[in-house]
Amino acid sequence: MNENHERKIQEAIPSVDYFHEMLRLARAYRKKDPHSAMLYCRRALEAIVHHLTNVKFPEHEISNTHLAKRISNLDLESPNPFFSVNRMTSSWIHWSPEKDRDFSEIDKCIRLITKILNTEFDYSIGKKSDDLAILDYGLGYFYHNLPRYSRDSRWFFS
């Protein structure tokens, strides 16, 4: 493998932190904008599949085949979470009447992406995958969204 090709592959491989950021955004948007949350889950899945494909087949160019076929080509030990996220997010990223949406799929999809990251990358993101931690938004966001009476710094830092 030539040096330029190897560098190109390394630049094209998203990092686990990048997957975590998309998962964090999916969590943040799940109630405010569920379509965006599902789009972040889909993008995380696509980036994970891209990464795993580059790792398993570094000599081959990534083709524009359908995501399900690329998942199949990976010959994963447990492909079901991948296929489930693919199926769930597909229906959300294409327009259809809102009455057909199952909003419980959002949290399920977020849990599956978390499971994929934990399984494939041995990367623990937290035990409560469907709850946002204070640090997901930063302490400032948490402090500014407390009820006014709770902002008393004596209470906050005690």
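Residues numbered from 1 in each chain as written. Predicted model: local features only at pLDDT ≥ 70, side-chain atom pairs only at ≥ 80, totals over all residues. Heavy atoms only, no water.

Caption draft 1: Summary view of the pattern of salt bridges. According to the stated counting rule, one finds four salt bridges in the structure shown. The shortest N-O distance in the salt bridge between D107 and R30 comes to 3.1 Å. Separated by 77 residues along the polypeptide, D107 in helix α6 (residues 104–121) and R30 in the loop between α2 (16–29) and α3 (34–56) bring together distant segments of the chain. For D107, a relative accessible area of 22% corresponds to the partly exposed category. In this structure, R42 engages E46 in a salt bridge whose closest nitrogen and oxygen atoms are separated by 3.0 Å. Within this pair, R42 and its partner E46 are both found in helix α3, separated by four residues, close to a single helical turn. Take E46: its relative accessible area is 31%, and that puts it in the partly exposed class. (Salt bridge = Lys/Arg side-chain N within 4 Å of Asp/Glu carboxyl O. Helix = DSSP H or I, 4+ residues; strand = E, 2+ residues; numbered from the N terminus. Buried < 20%, exposed > 50% of the residue type's maximum accessible area, 1.4 Å probe, protein only.)

Caption draft 2: Spotlight on the confidence of the model for the chain. Residue-level pLDDT values for the chain average 76, and 65% of them are 70 or greater. The lowest-confidence element of the chain is helix α7 (residues 134–137), averaging 44 in pLDDT; the highest-confidence one is α6, averaging 93. The low-confidence segment residues 125–145 (pLDDT under 50) makes 28 contacts with residues lying over four places distant or belonging to another chain. Below a pLDDT of 50 lies the segment residues 148–158, which in the model reaches nine contacts outside its immediate sequence neighbourhood of four places, other chains included. (pLDDT = per-residue confidence, 0-100. Contact = heavy atoms within 4.5 Å.)

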